[in-house]
Amino acid sequence: MSLFLLNIILAISWAALTGTFTLPGLGVGFVVGFLSLWVVQPLFKEQGGGYFVKVWRWVRLIVLFHYELVVSSLSVAWDVLTPRHRARPGILAVPLKAKGEAEVLLVTNLISLTPGTLSLDVTEDCNTLFVHAMFADDPDKIASDIENGMERWVREALE
Amino acid sequence: MILELFLSLCVLSGGFFAFIAGLGILRLPDVLIRMHATTKAGTLASGLIILGVAVGIGDAPTIARALAIVVFLLLTAPVAAHMIGRAAFRTGITLWGPTTVDPSAPVKLNARHDD
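Conventions used here
- The written sequence of each chain sets the order in which its residues are numbered from 1.
- Here every chain gets a letter starting at A, and every ligand a number starting at 1, in the order they are written.
- Whole-chain, interface and lining totals are the exception, using all residues; otherwise, since this is a predicted model, local features are given only for residues with pLDDT of at least 70 and side-chain atom pairs are given and counted only at 80 or more.
- With hydrogens and water stripped out, all remaining heavy atoms of the structure feed into the side-chain values.
- Strands here mean DSSP runs of E at least two residues long; helices mean DSSP runs of H or I at least four residues long; both are numbered from the N terminus.
- Classification of residues uses two cut-offs on accessible area relative to the type maximum, computed with a 1.4 Å probe and protein chains only: under 20% is buried, over 50% is exposed, and between them is partly exposed.
- Using the Shrake-Rupley algorithm and a 1.4 Å probe, accessible areas are obtained, with residue cover drawn only from the displayed protein chains.
- We define the nonpolar core as a collection of buried residues of types Ala, Val, Leu, Ile, Met, Phe, Trp, Tyr and Cys that are connected through side-chain atoms lying within 4.5 Å of one another.
- Only heavy atoms matter for contacts: two residues are in contact if any of them lie within 4.5 Å across the pair.
- UniProt positions are given in the numbering used here, feature names are shortened, and annotations may be inferred rather than shown by experiment.
- At least two bridges found by DSSP between two strands is the condition for calling them paired.
- For helices, the fitted axis covers only the stretch in contact; all axes are lines through C-alpha atoms, and the angles between them, taken along N-to-C directions, range from 0 to 180 degrees.
- Definitions used throughout: a 1 Å grid over protein atoms alone; a cavity as a set of points that fits a 1.4 Å probe which cannot get out; a pocket as an open set with protein on both sides within 12 Å along at least five of seven lines; a lining residue as one with an atom within 4 Å of a point.
- Grid points are joined across faces, edges and corners, and a volume is the space filled by probe spheres set on the points.
- Gly counts as polar in this scheme, as do all residues outside two lists: the nonpolar Ala, Val, Leu, Ile, Met, Phe, Trp, Tyr, Cys and Pro, and the charged Asp, Glu, Lys and Arg.
- Boundaries of every domain are those given by an automatic assignment or by a domain database.
- When two parts are put together, the accessible area they lose, computed with a 1.4 Å probe and summed over both, is reported as buried area.
- By convention in these notes, a salt bridge is any Lys or Arg side-chain nitrogen within 4 Å of a carboxyl oxygen on Asp or Glu.
- Residues adjacent in sequence count toward polar contacts only when both atoms are side-chain atoms; beyond that, a polar contact is any pair of N or O atoms within 3.5 Å, and within protein one must be able to donate a hydrogen and the other to accept it.
- Orientation labels follow simple angle bins: below 35 degrees gives roughly parallel, above 145 gives roughly antiparallel, 65 to 115 gives roughly perpendicular, and whatever is left gives oblique.
- By convention the crossing between two helices is left-handed if the near helix lies anticlockwise of the far one by an angle smaller than a right angle, and right-handed if it lies clockwise.

Side note on the overall build of chain B
Along chain B, the regular secondary structure elements total four helices and one strand. Here chain B holds 115 residues, and the buried ones make up 33% of them. Here chain B displays about 6400 Å² of accessible surface, and carbon together with sulfur accounts for 73% of that area.

Regarding the nonpolar core
A:Leu61, A:Val131 and B:Phe17 are the most contacted members of the largest nonpolar core, which has 38 residues in total. Elements that contribute at least two residues to this core include exactly helix 3 (50-81), strand 1 (90-95), helix 4 (100-113), strand 3 (128-133) and helix 5 (139-158) of chain A together with helix 1 (2-27) and helix 2 (31-57) of chain B. It is helix 5 of chain A that contributes the most residues to this core, seven residues altogether. Setting aside residues up to four positions removed in sequence, A:Leu61 forms contacts with A:Leu110, A:Met150, A:Trp153, A:Val154 and A:Ala157. Within the second largest apolar cluster, six residues are counted, among which are A:Leu3, A:Phe34, A:Phe44 and A:Tyr51.

Overview of the UniProt feature "transmembrane region" (unreviewed entry) in chain A
Residue and element names in this part refer to chain A. Following the UniProt record, the feature "transmembrane region" (unreviewed entry) maps to residues 25-44 and 56-78 here. Summarising residues 25-44: 75% helix, 0% strand, and an end-to-end C-alpha distance of 26 Å. As a span, residues 56-78 carries 100% helix and 0% strand, and end to end its C-alpha atoms are 33 Å apart.

Details of the UniProt feature "transmembrane region" (unreviewed entry) in chain B
Residues and elements named next belong to chain B. Using the residue numbers shown here, the UniProt feature "transmembrane region" (unreviewed entry) corresponds to residues 6-26, 38-57 and 63-84. Within residues 6-26, the helical portion is 100% and the strand portion 0%, while the C-alpha atoms at the span's ends are 30 Å from each other. Counted over residues 63-84, helix gives 100% and strand 0%. Its end C-alpha atoms are 31 Å apart.

Points about the sheet that holds strand 2 (residues 117-122) of chain A
One open sheet holds the four strands; their spatial order is 2(A)-3(A)-1(A)-1(B), and the pairing between them is mixed. At either end of the open sheet lies a strand with only one pairing partner, and these are strand 2 of chain A together with strand 1 (100-101) of chain B. Note that strand 1 of chain A and strand 3 of chain A share six bridges and pair antiparallel. Bridge pairing in strand 3 of chain A links A:Val94 to A:Leu129. Its contacts with the sheet put helix 4 of chain A on strand 2 and strand 3 of chain A, and the angle it makes with strand 2 of chain A is roughly 145 degrees. Where helix 5 of chain A meets the sheet, its contacts fall on strand 1, strand 2 and strand 3 of chain A, and the angle it forms with strand 1 of chain A comes to roughly 50 degrees.

Quick look at the layout of surface pockets
Residues and elements named next belong to chain A. The space that makes up the largest pocket amounts to roughly 1200 Å³. Here the lining of the largest pocket is built from residues that sort into 27 nonpolar, five polar and no charged. Mapped onto the domain boundaries, the lining of the largest pocket takes at least three residues apiece from domain 1 (3-46) and domain 2 (51-157).

Description of the interface of chain B and chain A
Contacts between chain B and chain A engage 42 residues on the former and 40 residues on the latter. For the pairing of chain B and chain A, the buried interface totals around 3400 Å² over both sides, and the portion due to carbon and sulfur atoms is 73%. As a salt-bridge pair, B:Arg86 and A:Asp121 come within 3.1 Å of each other at their nearest N and O atoms. The tally of links from chain B across to chain A stands at eight residue pairs in polar contact (both at pLDDT 80 or more). Going through the elements one at a time, helix 1, helix 2, helix 3 (60-90), strand 1 and helix 4 (104-108) of chain B are the ones with two or more residues in the side of chain B that touches chain A.

Brief notes about the packing of helix 3 of chain A against helix 2 of chain B
At their nearest, the axes of helix 3 of chain A and helix 2 of chain B sit 9 Å apart, and the two run at 125 degrees to each other. Between helix 3 of chain A and helix 2 of chain B, the angle falls in the class oblique. Here the hand of the crossing between helix 3 of chain A and helix 2 of chain B comes out left-handed. Mapping the contact onto sequence places A:Leu69, A:Val70, A:Ser72, A:Ser73 and A:Val76 in helix 3 of chain A and B:His36, B:Ala37, B:Lys40, B:Ala41 and B:Leu44 in helix 2 of chain B. The residue inventory of the contact of helix 3 of chain A with helix 2 of chain B, partitioned by class, reads six nonpolar, three polar and one charged.

Written out as structure tokens, the structure reads:
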């Protein structure tokens, strides 16, 4: 049985035992179940520690993404409210390492919502992404930021 | 008291970012830069207001709906911006003066050239 399924069963049992069959109750149950599974991790050696690493990567992706969304909105707000436009926009080609349509979709969506970049188009063969950048003074830095930031987090979470 | 402060902060800052997104459409110089304002600030604005509603009402149906709304917002807003930006670029809209364009972009994306 996969650990994820086990975790959901633990969450339901927690909600049933505490009599809080509500969304927060199930949420608390899931967290408690996850922690207890983590404590007894050696019992699940044959399944490997993959589940715990994966949950950690998803949590990291979600937290970092919200942080970047706030930062990018503030920088847009600054550019809108101040009289001069500081933007030096440019259209850049960024090589994509993401495999499969799901990864490309997630990467391009997240790139659109993070600071300074907006995905414009992907070539037919899915290996080059064109982004519109607000500050395109250093295209190589933007490409490596995407590759080592959002794209790597997404690939690690989905692989 | 603290909860009320938090809720007001959510709704007010959400309103602020929605205002920024709208003002950005008026003020920013070309269509692609405007898409930056509407996707980022607009998504954050709706997210903040929905967060305020979910925490303020706080029962399961509301929270479930709020979660669903946020998920679909995060999925669809960037896709819409992407389609508008792509259409604008392919039809050869004039970009703001200082914009630099990667030389391979128009070829690979079959953009139309009028100049």
